[in-house]
Amino acid sequence: MCVRRQRALNPIDMKPYIVFCFIGLAAALYTVPPRPTKKFELNITWGTKAPDGFERQQALINDQFPGPPLIFDEDDDVEVTVNNYMPFNTTVHWHGIEQHGTSWSDGVPGVSQGLIPPGGRFVYKFTASQYGTYWYHSHCAGQIMDGMYGPIYIRPREIPTNLASMISNDTQEHNQIHNAIRNPELLMISDWYHNTSEELRDIAISANIDTLCADSILINGKGRVRCLNPVYLTTLATPLLAPLLQGMNYTAKGCLPAQNTLSQTAFAQHNFTAIPPSMFDQCNATESMEQVVKVNPNKGWVSLNLIGSASISVPAVSINNHSLWVYEVDGRYIVPTKVDTLSISIGARYSVLVQLNNTPGDYLITAANSGLNQKVAGYGTFSYVNGDSSVVGTPSINYGGNSRSKDVVVLDQTRIKPLIPSKPSNEVDQTFLLHIGRIEKAWKWSLNGYHSYDLSLESEKPMLWDPESYAHSDLVITTKNDTWVDIIFALAGNESTIQPGHPIHKHSNMVYVLGAGMGEFNWTSVAEAEQEIPGNFNLVDPPMRDTFTTLLALQRPSWLAVRYHVQNPGAFFLHCHIDPHLTGGMALAILDGIDEWPSVPTQYGPTGHWGKAPE
């Protein structure tokens, strides 16, 4: 801005003044041109691959599995064209991305969009208002189990200066850490099946069982089938959980036998003859390639961004002789925490920094299911450039995902602290108490008492188009904008049944995980419960998550409480991310901010049309 001088100026005096004003005016009029939209195209096909050495049909994205990494920058506008060449309907969800102001791009059929038919196309558009690690996957039926997913990384606009200093006092290492964060290795940790998702669902319904058994664990789509002695596998059950085996061994495939009534229920009538032997019992080992992560010790540090893309497993991950500095969880920086191993719930993401200061070698990466349902592990190699391949180190965990000694440090999920402090409101406008459990069948689940979210709802008119007609459904949570909402998940459990920890994913913005406990939730609100059991809650600096796991209901009930701020009106989803539980109905729709509903762009509304995918 130009300021008038107090004395008269002659022409010579005024020359620099005029130049200064001209420059200032030009600067004021000049606007930085917007960055071009980052555009991607995903061609979804149905082909044949053998990720773990067993050939089967599966989903491919741009002819690869997993799909290609989508990498862009914080604040970028993003456009992704999805062409469906499969013989099935599909959609794509951008897991963890809030879709602030673009709920029509969230990718949930029957909630925020219609299904993409075979030969159809859908163009997703959103702004990357976040940084961090995410992933994209199908949100149609059980297609995650068919391999329809890939990683996302959003490069941060800036990295907090205190993050690196909490890990190292060395200034040079600070630069190395920042470089590692900006250029991470993306690792998708998943389980794999030799049956398609449709085949698995047909078996579950015909046999009336929960399909709890995978064939292998993959790292970035690579792995192999291992067949171990059932007696040895049974010794991997911890003393606390061993009685739940009911005196039976794990199978050669590492699975709990289908006859285990605690996992498959005693109330349901099963048809075991409808279960093919290959599902639980038979095991045929393979020798296919496993993932190799090449690291250069001259760079000092590497960031491994771990993405939990399994469908039923909860892999515990470690690297021989290397500590893991956990610094980002679900796409948000946390106070860095040094551990030896961590368990990755389905849908969750953990970014870890690893210092490259060991003897150069080929160290084993272990990803072993830590759940009771199955003892199965996958492996990779953390390979130093020009290292000695005979140097492999010593693992921190065993094939069952258990620590090999009392000195192994395991990430305590309840003690995660946001790097930038964030406190939830003390005042709450609504509280929802949701009762989780099986209903009627061993394969049928509910997130709200006796109301199951049937797969047929994927074909219904999207709720985004007409929210008022769904507002009073038992399968819908309705909120008002700029309010605070508590959700309490109450899990049923008794002497005759158990429930696993359920990884719950909330679409749109994150929740604060306030607390958890065993037993019935016998209060009407979190405030009332906190008065009686304050030690069970953290209302000052609780973890912030978009994917959070309930406590195991170990033959008695358990509960978990979360809180969030409604600030993104639109139609979203809340569901268990265990695929057979989601397809079994464990979900609800959330109509957030129904009083300030967004105006849906024409191309995403009832008259929208995206044409056919190109030939």
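The shown structure was predicted, so the numbers you read here are calculated from the model rather than taken from an experiment. Residue numbers run consecutively from 1 along every chain, following the written order of its sequence. For this predicted model, a pLDDT threshold of at least 70 governs which residues receive local features, and a threshold of 80 or more governs which side-chain atom pairs are given and counted, while totals over whole chains, interfaces and linings are taken from all residues. Side-chain figures throughout are based on the complete set of non-hydrogen atoms in the structure, without hydrogens or water.

1. Regarding the overall build of the protein
Right, so step 1: The helix and strand inventory of the protein stands at nine helices and 30 strands.
Right, so step 2: Seen along its three principal axes, the alpha-carbon backbone of the protein occupies a region of about 100 × 65 × 65 Å.
Right, so step 3: Residue exposure (1.4 Å probe, protein chains only): buried if accessible area is under 20% of the type maximum, exposed if over 50%, otherwise partly exposed. Evaluated residue by residue, the protein yields a buried proportion of 58% over its 615 residues.
Right, so step 4: Between two residues, a contact is recorded if the distance between any of their heavy atoms is within 4.5 Å. Expressed as a percentage of contacts within the protein between residues at least 6 apart in sequence, the contacts between residues at least 24 apart total 78%.
Right, so step 5: When the accessible surface of the protein is summed, it comes to about 25500 Å², and 52% of that surface belongs to carbon and sulfur atoms. Every helix listed is a DSSP run of H or I at least four residues long, and every strand listed is a run of E at least two residues long, numbered separately from the N terminus. Here, Shrake-Rupley sampling with a 1.4 Å probe gives the accessible areas, and only protein chains in the shown set may cover a residue.

2. As for the state of the cysteines
Right, so step 1: To count as a disulfide, a pair of cysteine sulfur atoms needs to be within 2.5 Å. Under the counting rule described, the total for this entry stands at two disulfides.
Right, so step 2: The disulfide partner of Cys227 is Cys283, and the gap between their sulfur atoms is 2.0 Å. Measuring the twist about the S-S bond at about -90°, one finds the Cys227-Cys283 disulfide to be left-handed. Placement of the pair is Cys227 in the loop between strand 10 (216-219) and helix 5 (230-235) and Cys283 in the loop between helix 7 (277-280) and strand 11 (292-295), with a sequence separation of 56 residues.

3. So, unusual backbone geometry
Right, so step 1: Cis rather than trans, the peptide bond between Phe65 and Pro66 has omega equal to -10°.
Right, so step 2: Note that Pro66 resides in the loop between strand 2 (56-61) and strand 3 (70-73).
Right, so step 3: Phi angles above zero are rare outside glycine, and Asp63 is one such case at about 65°.
Right, so step 4: Topologically, Asp63 is positioned in the loop between strand 2 and strand 3.
Right, so step 5: Overall, the relative accessible area of 54% leaves Asp63 in the exposed class.
Right, so step 6: You will see that Asp75, though not glycine, has its phi angle at about 80°, which is positive.
Right, so step 7: Here Asp75 shows up in the loop between strand 3 and strand 4 (77-84).

4. Topic: the pairing of strand 30 (residues 587-592)
Right, so step 1: Most of strand 30 is tucked away, with six of its six residues classed as buried.
Right, so step 2: Every second residue of strand 30 is oriented toward a common face, with Ala587, Ala589 and Leu591 on one face and Leu588, Ile590 and Asp592 on the other, all of them buried.
Right, so step 3: Any two strands between which DSSP finds at least two bridges are classified as paired. With six bridges joining them, strand 29 (residues 570-576) and strand 30 adopt antiparallel strand pairing. Within the sheet, the bridge partner assigned to Gly570 lies in strand 30 and is Asp592.

5. Quick notes on the environment of Gln130
Right, so step 1: Along the chain, Gln130 turns up in the loop between strand 6 (121-127) and strand 7 (132-138).
Right, so step 2: Judged by relative accessible area, which is 13%, Gln130 ranks as buried.
Right, so step 3: Here the alpha-carbon distance between Gln130 and Ala316, two residues 186 residues apart in the chain, equals 27 Å.
Right, so step 4: With residues up to four places along the chain from it excluded, the contact list for Gln130 reads Glu74, Gly96, Ile97, Glu98 and Ile154.
Right, so step 5: Here a polar contact is recorded for every N or O atom pair within 3.5 Å, except that within protein the pair must consist of a potential hydrogen donor and a potential acceptor, and residues adjacent in sequence are included only if both atoms are side-chain atoms. Looking at Gln130, its side chain comes within polar contact range of the main-chain nitrogen of Glu98, at 2.8 Å.

6. Looking at the sheet that holds strand 11
Right, so step 1: Strand order across the open sheet formed by five strands is 11-19-18-13-16, with mixed pairing between neighbours. Looking along the sheet, the strands with just one partner apiece sit at the ends: strand 11 and strand 16 (342-343).
Right, so step 2: Both strand 18 (residues 362-369) and strand 19 (residues 377-384) contribute to a ladder of seven bridges, which runs antiparallel. Paired with Leu364 across the strands is Thr381, a residue of strand 19.

7. A short note on a negative patch on the surface
Right, so step 1: A grouping of Glu427, Asp429, Asp482, Asp595 and Glu596 is seen on the molecular surface, where their side chains present a negatively charged patch.
Right, so step 2: One can find Asp429 in the loop between strand 19 and strand 20 (430-438).
Right, so step 3: Note on Asp429: relative accessible area 52%, which makes it exposed. The patches described consist of residues with a relative accessible area above 30% and no salt bridge, like charges being joined within 9 Å and nonpolar side chains (Val, Leu, Ile, Met, Phe, Trp, Tyr) within 5 Å. Salt bridge, as applied in this entry: a Lys or Arg side-chain nitrogen positioned within 4 Å of an Asp or Glu carboxyl oxygen. Charge convention: Lys and Arg are scored as positive, Asp and Glu as negative, and His as well as the terminal groups of each chain are ignored. Charged side chains are reduced to one point each, which is NZ for Lys, CZ for Arg, CG for Asp and CD for Glu.

8. Re the confidence of the model for the protein
Right, so step 1: Confidence in the prediction of the protein, expressed as mean pLDDT, is 93, and 94% of residues score 70 or more.
Right, so step 2: Within the model, the stretch residues 1-29 combines pLDDT values under 50 with eight contacts to residues more than four positions away or in other chains. A residue's pLDDT is the confidence the predictor assigns to it, expressed on a 0 to 100 scale.

9. So, empty space enclosed by the protein
Right, so step 1: Grid points spaced at 1 Å and placed over the protein atoms alone form the basis of the search, with a cavity being a set where a 1.4 Å probe fits but cannot get out and a pocket an open set showing protein on both sides within 12 Å along at least five of seven lines. Lining residues have an atom within 4 Å of a point. Grid points are joined across faces, edges and corners, and a volume is the space filled by probe spheres set on the points. Counted by the stated rule, this structure contains seven cavities of 30 Å³ or more.
Right, so step 2: Roughly 150 Å³ of volume is contained in the largest cavity.
Right, so step 3: Considering the residues around the largest cavity, the lining is formed by 16 residues, among which Ser197, Leu200, Arg201, Pro580 and Thr583 are closest to the centre.
Right, so step 4: Only helix 4 (197-207) and helix 9 (579-583) provide two or more residues apiece to the lining of the largest cavity.
Right, so step 5: If one sorts the elements of the lining of the largest cavity by residue count, helix 4 sits on top with six residues.
Right, so step 6: By residue class, the composition of the lining of the largest cavity is eight nonpolar, four polar and four charged. As a working rule, the residues Ala, Val, Leu, Ile, Met, Phe, Trp, Tyr, Cys and Pro are called nonpolar, Asp, Glu, Lys and Arg charged, and the rest polar, with Gly in that last group.

10. Side note on the environment of Asp579
Right, so step 1: You can see Asp579 is positioned in helix 9.
Right, so step 2: Linking Asp579 and Ala141, residues 438 residues apart in sequence, is a C-alpha distance of 8.5 Å.
Right, so step 3: With near-sequence residues (within four places) excluded, Asp579 lies in contact with Ala141, Gly142, Ile144, Met145 and Ser311.

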